Amino acid sequence: MEAIYALAIGVLTASGVWLVLRPRTFQVIMGLSLLSYAVNLFIFGMGRLMIGGAPIIETVAQADPALYDDPVPQALVLTAIVIGFAMTALFLVVLLASRGLTGNDHVDGDPEA
Amino acid sequence: MLLFTEARRAARTIIALVATLANLLVALALAYIASDAVPSIWPDGIAVYPLGGWQAPFGIVLVLDRLSALMLVLNAVLALTSLIYALARWRKAGPHFQSLFQFLIMGVNGAFLTGDLFNLFVFVEVLLAASYGLLLHGLGEPRVKAGLHYIAINLAGSFVFLIGVSLIYGVTGTLNMADVAARASLLTEDERILFETGIAILGSAFLLKAGAWPLNFWLPPAYGTAAPPVAAIFSIMTKVGIYALLRLGSLLAGASGASVPAPFNDGWLFGIGIVTLVLGTAGILTASQPQRLVAYCVIASAGTLLAALGFGGTAMKGAALYYLTSSVLATGAFFMLCEMIDRTRQTGEDIPLEMMEPVGQEPVDADFTDDVVGIVIPAAMAFLGMGFLACALLVAGLPPLSGFIAKFLILSATLTDTAPGPVPVTVWVLWTSVLGSSLIAIIALCRMGILLFWSSDEIMIPRLHLVEAAPVAVLLLLSVALAIETGPAMDYLNLAGNSLSSPQIYIDAVLSGNRPSGPLPAPSIPMEGIRQ
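Residues numbered from 1 in each chain as written. Chains lettered and ligands numbered in written order. Predicted model: local features only at pLDDT ≥ 70, side-chain atom pairs only at ≥ 80, totals over all residues.

(A) Representation of the overall build of chain A in the model. If you tally the helices and strands in chain A, you get three helices and zero strands. For 113 residues, the compact-globule estimate of 2.2 N^0.38 gives 13 Å, and chain A exceeds it by more than 25% at 19 Å. Principal axes of the C-alpha set define a box for chain A whose edges measure 65 × 25 × 15 Å. A buried classification covers 27% of the 113 residues belonging to chain A. Of the contacts made within chain A by residues no fewer than 6 positions apart, 53% connect residues no fewer than 24 positions apart. (Helix = DSSP H or I, 4+ residues; strand = E, 2+ residues; numbered from the N terminus. Rg over C-alpha atoms; globule rule 2.2 N^0.38 Å. Buried ≥ 20, exposed ≤ 12 C-beta atoms within 10 Å, placed from the backbone. Contact = placed C-beta atoms within 7 Å.)

Right under this line is the structure:
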């Protein structure tokens, strides 16, 4: 599972970086989205991968932390998703404004430059 | 503030002014208590406030020490002056100026106060989100183009930040800065490699925010095209990155025992700082627009700061903090002044303001000094000329203003910290680049001043409002006061520098949950923006 997970993050990051470096604004925003997916998966993976483990530890019985999932990365990834999503939406608005003002979708506003 | 409709400008303005003023008062009070004025309240000038009552390292803590108190005061001063400046016309150029402005202040305050890495990320995102909106304030094609680049690079930077934070969490199992530093020395060899990778990734994100080469090509267009009051408050934003580098670097240096990981250790910071300084100075020389010139001055000051901090030594820390204070005040005033100077020229009118009519304040140029023999200089032009001169002196570091004292302190600190004997190469490099950049800055600023004030035929006497001239005058007078009161200021800044050099006190204070015994003013600062 770890190998597939790592491969997925790697592929997402590589495609994201390639797209961010492209000259069209739409490609940049797609690249940023892919990068944010990769980063979110990465944060999630930092809390150790586990199937079927609950993130809440029962305090009544003496619980073994090894049987439970780490709740902190799940909280972090939630925040990161929300922030990343909001920023991407904002970027989309600016992208459209730039398209409207310059008349093309080049990142510098001028395909010849 | 968001609840009011756009029409209720007066109500928004009053709330914004009151909130910003309260922010300044709270910041001043915190700085006063954090200095050794009342040692009974906060021992060592460190106050820890656990949010929600959760003790560190399990909950998020807000930590106030002398460095963060200093940054809070700077931010509050700059916020109040640029808000008053914006009242004249800029707040009308687009919607939600006031709300975004308060969010920006909240984000900057929070970033200076937090003691938690992920919380730092959240506050940085809050301030970035507000800054995206403010940068686009007033719209226009150059702003949208600069904004597009600015948002893209900062989004990428945020992802780098997140990767760094989560790597550090994966290795150490904690996000609290003090706890990270305390555990760094307990790591095994394999974990240490991962940890240093995480720190390096995190450090690059901070360097991006600080405007360090080679991650600063977004800065001149963004700062050069932003609305002037916005650009003025942005000049503290690059210092958020420097603050984070300083804070984490100091914690890691004290606790890990081993060498400090890559971008935080002295060699790296020094090298990056020197290159940033040299390239920023080259930019000053090439800039053809006043506001863009100031943007390059921001880069040059970031470079000087990084180089000075990278040079190391306790005396240097106090001197660098003095330079930081002086340069933030100077660039803030300079950005606002540039816009007023711009009004004397017919060209460069690319600012599509919806409403240009005065809001009813007394124009400064009402009292013409026309009984003087000789060429009549209207008061407005005289003010602009004097202001430009003062800003130029501050940025270039000539006496008698605080810019000179700041650079003098940095250069003298290089000599006090080194052992007797032959002068090391780093001292030579620092001296040459700091003095050389001052010389080039003088040349470029003289040229700009001559072009602006003396050699243009169609100079128009600008209409200045008192609310526009007063903030610039206040910022400049503050730097004069800083120059006069160098002794007391340096006492405080040296205390701040000393506490950075002994991070174990900070770590102990945070991890022992050292609650202040007095009333708890700490949370009132980040809450201010929320209350709007």
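(B) Local environment of the overall build of chain B. Scanning chain B from terminus to terminus reveals 20 helices and two strands. Within the span of chain B, comprising 532 residues, buried residues form 57% of the whole. Here the analysis covers contacts within chain B between residues at least 6 apart in sequence; of these, 80% occur between residues at least 24 apart.

(C) A look at the confidence of the model for chain A. Mean pLDDT over chain A works out to 84, with 91% of the residues at or above the 70 mark. Element-level mean pLDDT values for chain A span from 86 in helix α3 (residues 71-102) of chain A up to 92 in helix α1 (residues 2-20) of chain A. (pLDDT = per-residue confidence, 0-100.)

(D) Region of interest: the domain arrangement of chain B. Residues and elements named next belong to chain B. The domain boundaries assigned to chain B delineate domain 1 (9-264 + 502-532) and domain 2 (269-349 + 380-492). Contacts between the two partners involve 32 residues from domain 1 and, on the opposite side, 35 residues from domain 2. Only α2 (66-88), α7 (189-210), α8 (219-225), α9 (228-234) and α10 (237-256) provide two or more residues apiece to the side of domain 1 that touches domain 2. Classifying every residue of the side of domain 1 that touches domain 2 gives 22 nonpolar, eight polar and two charged. (Domains from an automatic or database assignment. Nonpolar A, V, L, I, M, F, W, Y, C, P; charged D, E, K, R; others polar.)

(E) Broad picture of the interface of chain B and chain A. Tallying the contact residues gives 22 residues for chain B and 26 residues for chain A. Within the residue set of the side of chain B that touches chain A, elements represented by two or more residues are α4 (117-135) and α5 (141-172) of chain B. If you tally residues by element for the side of chain B that touches chain A, the top one is α5(B), at 16 residues. For the side of chain B that touches chain A, the class distribution of residues is 16 nonpolar, three polar and three charged.

(F) Looking closely at the environment of A:P65. Residues and elements named next belong to chain A. Turning to its location among the elements, P65 is positioned in the loop between α2 (25-45) and α3. The exposure class assigned to P65 is exposed, which follows from the 8 C-beta atoms found within 10 Å. When the C-alpha positions of P65 and P55 are compared, they lie 9.7 Å apart, and in sequence the two are 10 residues distant.

(G) α2(B), seen in detail. Here α2(B) spans 34 Å end to end across 23 residues, near enough to the 33 Å set by a 1.5 Å rise per residue. Burial analysis of α2(B) places 21 of its 23 residues in the buried class, the great majority of the element. (Expected span 1.5 Å × (residues − 1).)

(H) View of the confidence of the model for chain B. Residues and elements named next belong to chain B. Within chain B, residue pLDDT values average 76, and 80% of them lie at 70 or more. By mean pLDDT, helix α20 (residues 524-531) is the weakest element of chain B at 38, and α4 is the strongest at 88. Within the model, pLDDT remains below 50 along residues 347-374, and this stretch shows 42 contacts once partners closer than five positions in the same chain are excluded. Counting interchain partners and residues more than four positions distant, the pLDDT-below-50 stretch residues 514-532 has 43 contacts. What the predictor reports for the complex is a pTM of 0.83 with an ipTM of 0.90.

(I) Examining the packing of helix α13 (residues 314-342) of chain B against helix α14 (residues 379-396) of chain B more closely. Residues and elements named next belong to chain B. Where α13 meets α14, the closest approach of the two axes is 9 Å, and the angle between their N-to-C directions is 145°. For the element pair α13 and α14, the recorded crossing hand is left-handed. Residue-level inspection shows S326, A330, A333, F334, L337, M340 and I341 of α13 in contact with α14, the latter providing L384, G387, F388, C391, L394 and V395. (Axes fitted to C-alpha atoms, helices over the stretch in contact; angles between N-to-C directions. Left-handed = near helix turned anticlockwise from the far one by under 90°.)

(J) Geometry of the packing of α1(A) against α2(A). Residues and elements named next belong to chain A. Interhelical geometry of α1 versus α2 gives an angle of 155° and a closest axis separation of 7 Å. By the angle between their axes, α1 is roughly antiparallel relative to α2. Relative to α2, the crossing made by α1 is left-handed. From α1, Y5, A8, I9, L12, T13, S15, G16, V17, L19 and V20 reach across to α2, where they touch Q27, V28, M30, G31, L32, L34, L35, Y37, A38, L41, F42 and G45. Among the residues forming the contact of α1 with α2, the class breakdown is 16 nonpolar, six polar and no charged. (Parallel < 35°, antiparallel > 145°, perpendicular 65-115°, else oblique.)

(K) Focus on the environment of B:L100. Residue and element names in this part refer to chain B. Looking at where L100 falls in the secondary structure, it is placed in helix α3 (residues 97-113). Through-space distance from the C-alpha of L100 to that of L134 is 6.7 Å; in sequence the pair is 34 residues apart. If near-sequence neighbours (up to four positions away) are discounted, L100 is found in contact with A130, G133 and L134.

(L) Here's a closer look at the environment of B:A469. Tracing the chain through its elements places B:A469 in helix α17 (residues 466-484). Along the backbone, B:A469 and B:L337 are 132 residues apart, and their C-alpha atoms lie at a distance of 8.2 Å.

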